[in-house]
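Each chain is listed here by its residues.
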Amino acid sequence: TTTTTTTTTTTSASSTPRRTRSAVAQKGPFLPGEGQGAREGSLVAAHDPRSGNWILARVLQHVMSKQRYEVEDADPTLARDAKRRKFAVPDADVLTLTPPDSGEYAAGATVLAMFPQTSTFYKATVKVPPSAQVRKSTRGHYSLLFFDDVEDDGSTPERHVLTERVTR
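Predicted model only: the values in this text are computed from it and were never measured.

**What about the overall build of the protein?**
Part 1 of the reasoning: Secondary structure summary: the protein contains 0 helices and 13 strands in total.
Part 2 of the reasoning: Within the protein, buried positions represent 39% of all 168 residues.
Part 3 of the reasoning: Within the protein, counting contacts between residues at least 6 apart in sequence, those at least 24 apart form 45% of the total.
Part 4 of the reasoning: Of the accessible surface of the protein, which amounts to about 9400 Å², a share of 50% is contributed by carbon and sulfur atoms.

**Quick notes on the pairing of strand β6 (residues 86-90)**
Part 1 of the reasoning: Taking every second residue as pointing to the same face, the buried face of β6 carries Phe87 and Val89, while none of Lys86, Ala88 and Pro90 on the other face is buried.
Part 2 of the reasoning: Sheet analysis places strand β5 (residues 68-73) next to β6, joined by 5 bridges and oriented antiparallel. Its bridge partner being in β6, Glu70 is matched across the sheet by Ala88.

**Some points on the pattern of salt bridges**
Part 1 of the reasoning: Following the criterion strictly, the structure yields 3 salt bridges and no others.
Part 2 of the reasoning: For Arg85, the salt bridge identified is with Asp48, shortest N-O distance 2.5 Å. Of this pair, Arg85 sits in the loop between β5 and β6 while Asp48 is found in the loop between β3 (43-47) and β4 (54-63), placing the two residues 37 residues apart along the sequence.
Part 3 of the reasoning: Judged by relative accessible area, Asp48 falls into the buried class, the value being 5%.
Part 4 of the reasoning: The residue Asp149 makes a salt bridge to Arg159 at a minimum N-O spacing of 2.8 Å. Remark: Arg159 occurs in strand β12 (residues 159-162) and Asp149 occurs in strand β11 (residues 149-150); sequence separation between them is 10 residues. There is no split in this pair, since Asp149 and Arg159 are both buried.

**A word on the pairing of β12**
Part 1 of the reasoning: Of the two faces of β12, the one holding Arg159 and Val161 is buried and the one holding His160 and Leu162 is not buried anywhere.
Part 2 of the reasoning: Where strand β10 (residues 141-146) and β12 come together, 4 bridges link them in antiparallel fashion. Within β12, the position partnered with Tyr142 by the bridge is Val161.

Criteria and thresholds
- Residues numbered from 1 in each chain as written.
- Predicted model: local features only at pLDDT ≥ 70, side-chain atom pairs only at ≥ 80, totals over all residues.
- Heavy atoms only, no water.
- Helix = DSSP H or I, 4+ residues; strand = E, 2+ residues; numbered from the N terminus.
- Buried < 20%, exposed > 50% of the residue type's maximum accessible area, 1.4 Å probe, protein only.
- Contact = heavy atoms within 4.5 Å.
- Areas by Shrake-Rupley, 256 points an atom, 1.4 Å probe, with all protein chains shown as cover.
- Pairing = 2+ DSSP bridges.
- Salt bridge = Lys/Arg side-chain N within 4 Å of Asp/Glu carboxyl O.

Here it is in C-alpha cells:
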C-alpha cells in the first residue's frame, strides 16, 4: 500500500524560498523484521496507521504474543507534559534507529530519514555519509537528497540529518 501526502513549508523571508514537496510513505519496512528487538523507551520510526506516515515514536512495550508494539508519538515539539497519542503497530511497522553493522550507510544508499524540523520520516538517498563530512558543523550528520523534495527552480536541496534519525 502506498500513501501520498503533500506538505507545503513556508519559511521566513531571510531563509530559503517556499517549497512544495510530495512525500511517498510506503507501508512496511525496508528490511523485514527490522523492528524486532526495539527496546522499551527507545526511539524508533513507526508507521502511523492514522496518517500513513512514518513518525518518530517511543516504544512503550512489545507484546510478543501479538507481535505488536505499543508506541507513543515522540514529536519533540510537543510540550513535555502534553498528552501524547499512543497506538499499536505490528512488528514489521517499527524500524529501529541504529546504524548498520558497517557503522554507517554508504553514499548512494536508500534510507528512511527524519525530514529536518519535523518528526516525520521520508525516503532519501545518502549523498555524503558522516565519515566523509568535511565541514565541522555537519560532522555526525548525513547529507541526504530526499525523494520528491524539489525547490521552485527544480533543484533538489541537500539536507543534513543527524545519524540517529536515519534508518533503513
